[in-house]
Amino acid sequence: MPLANLLYAQSGGVTATINASASAVIETARKYPSRIGRVYAARNGIIGVLREDLIDTRLEKPEAIRALRHTPGGAFGSCRFKLKSLEQDRAHYERVVEVCKAHDIGYFLYNGGNDSADTTHKLSQVAEALGHPMICVGVPKTIDNDLALTDVCPGFGSVAKYVAVSTREASLDVLSMAESSTKVFVLEVMGRHAGWIAAAAGLAGSKEGDPPHLILFPEVAFDEPRFLAAVKSAVEKHGYCTVVVSEGVRDAQGRFLAEAGSKDAFGHVQLGGAGPVVAEKVRAALGYKYHWAVSDYLQRSARHIASKTDLDISLKVGAAAVKLALAGKNAVMPIVKRLSNRPYRYEIVTAHLAEIANHERKLPPAYIREDGFGITRAARSYLEGLIQGEAYPPYINGLPDYVQLKNRAVKRRLPDYPL
Ligand code: F6P
C-alpha cells in the first residue's frame, strides 16, 4: 500500500493571502514524510481534479513555496464551478473519487468559502460510500467574511486594510480639491450580500466628520432621497463627502443598484457598478462634481498592503488543516475563535463542514449605526484587530517580487473526462 498523497485545491474568488495558506499546507505536509507521500495541487480547483490535471508540488523549490506567502492571486488557479447535489451531479463526485483513487490521494484539502465547504463535505460522503479512504478538510478563505462560525475569514483582514487605507488616502485628495472642483468621491467595494468590507472602510475615520461620511451597506435598503440629503449635508458641513458603497446594495424592492449582467456557475449574480450609479445620482440631483472608483480586483489582490494579522491567520489555518487531516478528522474545517479584542488574540478551533456549508453571515445590526450610514463602536472593536500589522513583500526594481510556480502536471492515469 503506497503512502497516502495529499491533494490541495483553491476555489472561488482568490484573496491576497490564499497562497499563504497554500504555502503552509505544503510546508506542513513536507514535515511528515513518513505519513504523507506527495503533495499535489489541482489546476483551477475542482475542474483540475475532474480533468485529472494535477500539479506536482515536489518540483517546486522550497524558496518558491515560501514565496507564496507574499504572492497574491491563486498560484494553482481557482475556479467557479459548482458541484450540485449528490443526486444531480453524482457522476462528477464519482469522477473526483476515481481520480483521487488513481493517484492514491488519502487527504483532500479544499481552500474556499461556503460553497466549497459544501463540495468538500459531499465529497467526504461519496468517498466513504465508494470505499475510498480519504480525509476531506476545508481550508477557509473569502474576502467577503461571510462564513458562519469563524471569527474572521482568512483574506478579509487584508481587504479590510486596503479599503480603509484607500478611503483615508483618497479622501485627503478630495479634501484638497473640494473648494473649486470635486466634492464627492465614491468608492465601490466588494463583499457580495454582506457588508463586512464596506464596514471596514469605516476604520479610515475615528472622529465626527472624518471620512467616509456615508457607507452604503447591503444590509440597509437604499433610500435615494435620504441618501442625497445626507450627501448634501456632508458637503455643506465638511466641504466634501466620501461615500463607500458595497456592490451588494439593493433598493427597498430588493433590486441590486447594479448588476454586471451575468451569473457564475453557482448562480450568483455578478455584481459591480453600484459606485458609478450612486455617483451619477448625486450629480443629477445635486450637481456636485464627483469621482468614483471601483476597487474590484485591486482590493483582493493588494498583497503589498496586506494585514500581518490576516497573513498569520491564513498561515495557521493551512497548517492546522494538514494536522486535522493527519489526525483523521474528516469533513471539518479549522476556524478562528476570538479570545480578545485589544490586542487581538485568537486560537484555531475546529468546525464541522456541515455547519459551515451554504450559510452566509451578514453584518449584524449592532455593527450598523442607527442612521444606517456608518459603523458602531462594536463594529470598530471587531474590525480593528483584524487589520493590525504590515507584512510587506520583498521588492525588486521598485516592484513586489512575486513568485510564479512551474506548475508541472502529474502524468495522467485515466481516460479523458469531458466537462
Ligand atoms: O466572493 C468573493 C468575491 O470577490 C465577491 O466579493 C465578488 O462579488 C465576487 O467574488 C467576484 O467574483 P468573480 O471574480 O468570480 O467575478
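Residues numbered from 1 in each chain as written. Predicted model: local features only at pLDDT ≥ 70, side-chain atom pairs only at ≥ 80, totals over all residues. Heavy atoms only, no water.

Digging into helix α1 (residues 18–30)
The end-to-end C-alpha distance of α1 is 19 Å, a good match for the 18 Å that 13 residues give at a rise of 1.5 Å each. Summarising burial for α1: twelve of the 13 residues are buried, a large majority. Along α1, the residues classified as buried are I18, N19, A20, S21, A22, S23, A24, V25, I26, E27, T28 and A29. Close packing links the buried residues of α1 with β1 (5–10), β2 (39–42), α3 (62–67), β4 (105–112), β5 (135–140) and α11 (308–326). (Helix = DSSP H or I, 4+ residues; strand = E, 2+ residues; numbered from the N terminus. Expected span 1.5 Å × (residues − 1). Buried < 20%, exposed > 50% of the residue type's maximum accessible area, 1.4 Å probe, protein only. Contact = heavy atoms within 4.5 Å.)

Topic: the domain arrangement of the chain
The domains assigned to the chain are domain 1 (4–142 + 304–357 + 392–400) and domain 2 (156–302). Here the C-alpha centroids of domain 1 and domain 2 sit 33 Å apart. The interface formed by domain 1 and domain 2 includes zero salt bridges. Between the two partners, domain 1 and domain 2, sit six residue pairs in polar contact (both at pLDDT 80 or more). For the side of domain 1 that touches domain 2, the class distribution of residues is six nonpolar, six polar and four charged. (Domains from an automatic or database assignment. Salt bridge = Lys/Arg side-chain N within 4 Å of Asp/Glu carboxyl O. Polar contact = N/O pair within 3.5 Å; in protein donor to acceptor, adjacent residues only side chain to side chain. Nonpolar A, V, L, I, M, F, W, Y, C, P; charged D, E, K, R; others polar.)

Observations concerning the packing of aromatic side chains
Centre-to-centre distance and the angle between the planes together describe a pair of aromatic rings. Taken as a whole and judged by the stated rule, the model has seven aromatic pairs. Here F222 and F227 contribute two aromatic rings whose centre-to-centre distance is 5.3 Å and whose plane-to-plane angle is 55°, an arrangement assigned as tilted. Comparing F222 with F227, the two get one shared label, buried. Aromatic ring contacts, followed pair by pair, group W196, Y367 and Y382 into a single cluster. (Phe/Tyr/Trp six-rings, centres within 6.5 Å; stacked < 30°, edge-to-face > 60°.)

Examining the pattern of salt bridges
What the rule picks out here adds up to 23 salt bridges. The residue R412 makes a salt bridge to E52 at a minimum N-O spacing of 3.5 Å. Of this pair, R412 sits in the segment after β15 (399–400) while E52 sits in the loop between α2 (46–50) and β3 (54–56), and the two are 360 residues apart along the sequence. For R412, a relative accessible area of 38% puts it in the partly exposed group. Across the pair R95 and E98 runs a salt bridge whose closest N-O atoms are separated by 3.9 Å. Of this pair, R95 and E98 are both found in helix α4 (residues 90–102), three residues apart, which corresponds to roughly one turn of the helix. Several salt bridges converge on common partners, so that one network encompasses E27, R66 and R69.

Examining unusual backbone geometry
The omega angle of the peptide bond from P211 to P212 is 0°, so this bond is cis rather than trans. For P212, the position within the fold is in the loop between α7 (196–201) and β7 (214–216). With an omega of 0°, the peptide bond between R342 and P343 qualifies as cis. Here P343 is to be found in the loop between β12 (332–340) and β13 (345–352). The backbone of E52 shows a phi angle near 60°, a positive value even though the residue is not glycine. Even without being a glycine, A331 presents a positive backbone phi close to 55°.

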